[in-house]
Amino acid sequence: MSEPGSAPSGSPPLLRVRGLTRRFGEIAVVHDLDLDVAAGHGLALVGRNGAGKSTVLRCIVGADRPTSGSVELNGVRIDERSERIRRDLAVAMDDMDFFPDLSVVEHLDLLARAHGVEDAEAVVDAVLAEVGLVPQSDQLPPTLSSGQRRRLALASAFVRPRRLLVLDEPEQRLDAAGRAWLAERLRAEKADGLGVLLASHDEQLVAAVADATLSLA
Amino acid sequence: MSRESAREIRELRATIRHWRRGRVDTRFVDAFNDAYVAVFATLMLGAMAVNVVINLRAVGRGGCTSGLCVQARTTLPWLLVIGVAAACLGVARLFGPMLVTPAVGTWLLPAPVDRAALLRPRLVATCGAALLAGALLALASSALASFAVGAVVAFSVVVAAGCALLVAVAVVDQARGLGVTGALTWLVAAVSWAGLVALSAGRAPDLQAATAYGPGWPAAAGVAGVLMMGAAALAARSLPLLSADRLKPGGSLVPSLSGALATVDLALIYDIMVARRWLARSTVRSVRARRRGPTGGAALVWRDLIRVRRAPQRLVVLAASLVVPYLGAAAGLGRVLVLAASVTGFVAGLGLCSAVRVVSRNPGLARCLPMPTWQTRGSCLVVPGALLLAWGLGTAPAFHATLPALPGGDWPLAVDLGIATGFAALVAITRWLTAAPPDYQKPLLSSPTGAVPTSLFGALGRGLDVLLLLTAPILLSPTPTGAVVSIGIGVIVLGVLLNRERS
């Protein structure tokens with residue numbers, strides 16, 4: 001039986017998770033989880049609050065250390081200290097904060113240039129327009145609304161090179177138009193051959209983006 | 001204020017008091033015991049402090065007889081009070097000075113009550129606190145400087161009134177939006193700095209005559225008192241003009257700082273202050289790299305250069321702090337100057353290192369960058385490191401001035417010591433900013449104040465531990481070898497700090 005999100009052709013998956021377990025004391029929040037995400041495919045983690053969706057994502061991106069199990073990106077065991085992993089893995093999670101003294105556009109410019117994006121200026125301008133933050137481009141992040149900060153976090157994932165997008169409830173604090181844009185954007189990402197792994201409570205977003213869903217009890 | 005509105009305020013306060021008393025959890029006997037201990041401790045410690053001042057005064061009179069020493073002793077109280085005035089203004093700007101607690105901001109400010117009546121007790125308390133702080137410091141410093149008793153009293157009155165006056169002016173500024181408090185703070189700080197420069201150069205004015213009691217003193221005290229009363233009256237009249245948006249920020253800052261202090265997380269206080277500063281600014285003129293701009297770690301370095309240009313005050317503070325090592329040299333600190341200078345560089349350089357703090361505190365942000373942790377942090381330290389090394393080189397003449405007291409030294413040794421000092425400050429700052437906050441998930445220690453994490457009290461000495469470690473080789477052996485050993489240990493410590501994954 002193929003794992004959720006695995007490539008139909010049987011080609012090696014972009015992301016491969018095997019036997020992932022995360023215990024907090026006696027409580028196993030995640031137990032023996034397997035999942036695959038193929039290039040050009042989307043996998044959505046769904047489940048009630050506390051089911052372990054964010055814990056799975058945190059273990060995958062290296063923000064948390066799994067009790068056991070393996071996580072591989074493109075055949076390489078994920079070590080978030082690795083330059084290659086950082087280059088291929090674009091993440092937008094809730095723990096992201098910003099420099100208090102850099103404006104919106106300066107954040108995106110910094111990330112694009114740190115990743116060595118060619119023609120960073122044009123890429124940043126395009127993403128800024130897409131997320132609707134052009135009027136706020138000179139604003140400092142603490143003065144943004146929560147929805148605008150969420151857009152900035154998503155934009156920071158789109159201005160840089162990536163092969164796999166990992167998003168934790170990306171629909172949070174977005175308005176209806178923002179959610180529609182996000183669904184469209186993630187479909188475009190898949191069409192460009194990127195893998196998308198997201199945890200979400202938004203059924204419409206899941207239906208629009210995910211080729212497979214994995215329900216965590 | 002109408003009698004009716006005053007009655008409303010009293011009734012509201014009485015209601016709040018009634019609520020609070022309904023939740024009393026301390027018996028009267030316990031409160032009495034606590035009060036007894038507090039009063040006894042205050043009296044005992046106060047008596048000890050007075051005794052220390054009297055003894056030091058006697059020692060100072062007997063031991064400090066040279067012209068330079070007497071000049072420094074009589075000048076320092078003046079510089080100290082100017083510094084206190086700058087501190088009063090700085091604290092006043094930070095908190096408002098008028099503020100309301102979040103509860104008052106939520107419940108009473110929107111209510112149709114007389115705002116002046118609501119804020120008047122806080123104005124009295126704020127000016128009173130400034131008055132008390134100024135008086136205590138002036139009393140101690142003038143007594144130590146062997147002022148005559150009458151001069152001590154008059155000097156204390158002048159300083160206390162001056163501090164309260166400055167706070168009252170800040171209140172008027174806060175209410176009327178004149179924008180003078182900031183300029184006044186910089187002006188007072190500049191005067192204080194100029195005094196320190198003059199003192200370190202041995203060109204301080206002769207203020208010995210002011211230590212005697214003369215007819216000028218009561219006149220000065222009277223004028224200061226009248227000016228303070230006038231400013232306080234003007235501040236009281238300005239209270240109705242204070243809008244909620246000017247009162248609430250200070251009130252929300254207090255619980256944040258209290259929380260950070262309760263956990264002895266001093267770096268969190270740093271975060272709060274940095275965030276508050278930039279929140280007040282809200283927008284900036286964005287600066288973007290040209291078409292072929294810096295990439296990789298150089299992009300972080302370039303952003304730090306933009307930061308320095310954007311907020312040059314931090315650079316001014318660092319440059320101004322150079323006076324301290326020269327003052328230490330003039331005071332004949334000898335090899336201890338290394339420790340004094342590195343502590344100064346540590347404190348003055350903290351403001352330049354906000355980027356390394358942000359990437360260390362926010363793993364989510366660091367994860368977005370393609371570089372490994374050590375490179376990210378290292379890139380954020382390039383500009384502050386260069387500035388601190390330049391600062392260290394700037395201290396070389398001060399070390400050169402102390403070299404006659406050191407064995408076999410000359411300019412190369414002075415330069416070595418300067419570099420080692422700047423580097424020690426950089427490593428200590430990195431230690432301070434990248435350290436983990438107290439971990440309440442680990443086993444806790446039992447203490448009279450409740451369970452505390454093992455790392456809680458160690459947090460107080462963080463940074464200073466590295467300074468002691470790195471300056472120890474020079475303190476033991478003020479030679480080029482000592483400087484090289486110090487730098488070598490610093491490189492190892494910095495390597496560990498940059499590579500530490502969990503901040």
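Here, every reference points to the structure presented above.
Basis of the calculations
- Residues numbered from 1 in each chain as written.
- Chains lettered and ligands numbered in written order.
- Predicted model: local features only at pLDDT ≥ 70, side-chain atom pairs only at ≥ 80, totals over all residues.
- Helix = DSSP H or I, 4+ residues; strand = E, 2+ residues; numbered from the N terminus.
- Rg over C-alpha atoms; globule rule 2.2 N^0.38 Å.
- Buried ≥ 20, exposed ≤ 12 C-beta atoms within 10 Å, placed from the backbone.
- Contact = placed C-beta atoms within 7 Å.
- Expected span 1.5 Å × (residues − 1).
- Bend = angle between axes of the 7 residues up to and from the residue.
- Pairing = 2+ DSSP bridges.
- Axes fitted to C-alpha atoms, helices over the stretch in contact; angles between N-to-C directions.
- Core = buried A, V, L, I, M, F, W, Y, C linked by C-beta atoms within 7 Å.
- Arc of directions from axis to C-beta.
- Nonpolar A, V, L, I, M, F, W, Y, C, P; charged D, E, K, R; others polar.
- Parallel < 35°, antiparallel > 145°, perpendicular 65-115°, else oblique.
- Left-handed = near helix turned anticlockwise from the far one by under 90°.

As for the overall build of chain A
Within chain A, the secondary structure is distributed over seven helices and nine strands. The C-alpha radius of gyration computed for chain A amounts to 17 Å, which stays within 12% of the reference 17 Å derived for 217 residues, consistent with globular compactness. Its C-alpha atoms give chain A principal-axis dimensions of roughly 50 × 35 × 35 Å. Taking all 217 residues of chain A together, the buried fraction comes to 49%. Looking at chain A alone, contacts between residues at least 24 apart form 67% of all its contacts between residues at least 6 apart.

Focus on helix α5 (residues 115-144) of chain B
Side chains three or four residues apart in an α-helix point the same way, a direct result of the helix having 3.6 residues per turn. Residues and elements named next belong to chain B. Given a rise of 1.5 Å per residue, 30 residues ought to cover 44 Å, and the 44 Å separating the end C-alpha atoms of α5 matches this to within 8%. Of all bends in α5, the biggest is about 30°, found at P121. A positive backbone phi angle near 65° is found at S146, which sits one or two residues after α5.

Points about the sheet that holds strand β8 (residues 195-199) of chain A
Residue and element names in this part refer to chain A. Sheet architecture is open: five strands sit in the order β6-β7-β8-β3-β9, paired in parallel fashion. Each edge of the open sheet is held by one strand with a lone partner, namely β6 (89-92) and β9 (212-215). Averaged over all pairs of adjacent strands, the angle between their axes in this sheet comes to 15°, without regard to strand direction. In the sheet, strand β3 (residues 42-46) pairs with β8 via four bridges, with the strands oriented parallel. Residue pairing in the sheet places L43 in a bridge with L197 of β8. Relative to the sheet, helix α5 (residues 146-158) contacts β6 and β7 (164-168), its axis offset from that of β6 by approximately 180°. The strands touched by helix α6 (residues 176-191) are β3, β7 and β8; relative to β8, the strand with the most contacts, the crossing angle is about 145°.

So, unusual backbone geometry
Leaving glycine out, the prevailing phi sign among residues is negative, and the prevailing peptide bond configuration is trans. Geometrically, the link from B:G96 to B:P97 is a cis peptide bond, its omega value of 15° lying close to zero. Looking at the element boundaries, B:P97 is found in the loop between α3 (67-95) and α4 (102-107). Residue A:E169 is not a glycine yet carries a positive backbone phi of 45°. Residue placement: A:E169 occurs in the loop between β7 and α6. C-beta crowding within 10 Å serves as the criterion here: with 20 such atoms nearby, A:E169 is assigned to the buried category. The phi torsion at B:S282 lies on the positive side, around 65°, for a residue other than glycine. Looking at the secondary structure, you find B:S282 in the loop between α10 (266-281) and α11 (297-310).

Focus on the nonpolar core
Ranked by size, the top nonpolar core spans 193 residues in total, and within it B:C163, B:A164, B:V167 and B:A168 carry the most contacts. Setting aside chain neighbours within four positions, we find B:A164 in contact with B:C127, B:A130, B:L131, B:M228 and B:A232.

Things to note about helix α21 (residues 480-499) of chain B
All names here are of chain B. Taking 1.5 Å of rise per residue, 20 residues should cover 28 Å, and α21 covers 29 Å from first to last C-alpha, within 8% of that figure. Of all the positions in α21, only G482, A483, S486, G490, L494, L497 and L498 are classed as buried. Projection of α21 onto a plane perpendicular to its axis shows the buried side chains occupying an angular sector of 125°, all on one side. Of the residues in α21, the exposed ones pointing more than 90 degrees away from the buried face are T481, V491 and I492. At its buried positions, α21 is contacted by α17 (373-394), α19 (411-434) and α20 (464-476).

Let's talk about the pairing of strand β2 (residues 27-37) of chain A
Looking along a regular strand, one sees side chains alternate from face to face of the sheet. All names here are of chain A. Bridge analysis of strand β1 (residues 15-24) against β2 gives seven bridges, and the strand direction is antiparallel. When the sheet's bridge partners are listed, L15 is paired in β2 with V37. The hairpin formed by β1 and β2 contains two residues between the paired strands, and G25 there has a positive phi angle of roughly 65°.

Focus: the interface of chain A and chain B
Contact with chain A, which involves 36 residues of that partner, is made by 37 residues of chain B. If you tally residues by element for the side of chain A that touches chain B, the top one is helix α3 (residues 104-114) of chain A, at seven residues. Looking at the side of chain A that touches chain B, its residues break down into 16 nonpolar, seven polar and 13 charged.

Let's talk about the packing of helix α14 (residues 337-349) of chain B against α20(B)
Residues and elements named next belong to chain B. Between α14 and α20, the shortest axis-to-axis distance is 9 Å and the interhelical angle comes to 150°. It follows that α14 is roughly antiparallel to α20 by the angle criterion. The interaxial crossing formed by α14 with α20 has right-handed handedness. Taking contact as the criterion, the partners of V338, L339, S342, V343 and F346 in α14 are, on α20, L467, T471, I474 and L475.

Nothing here speaks to function; it is all geometry.
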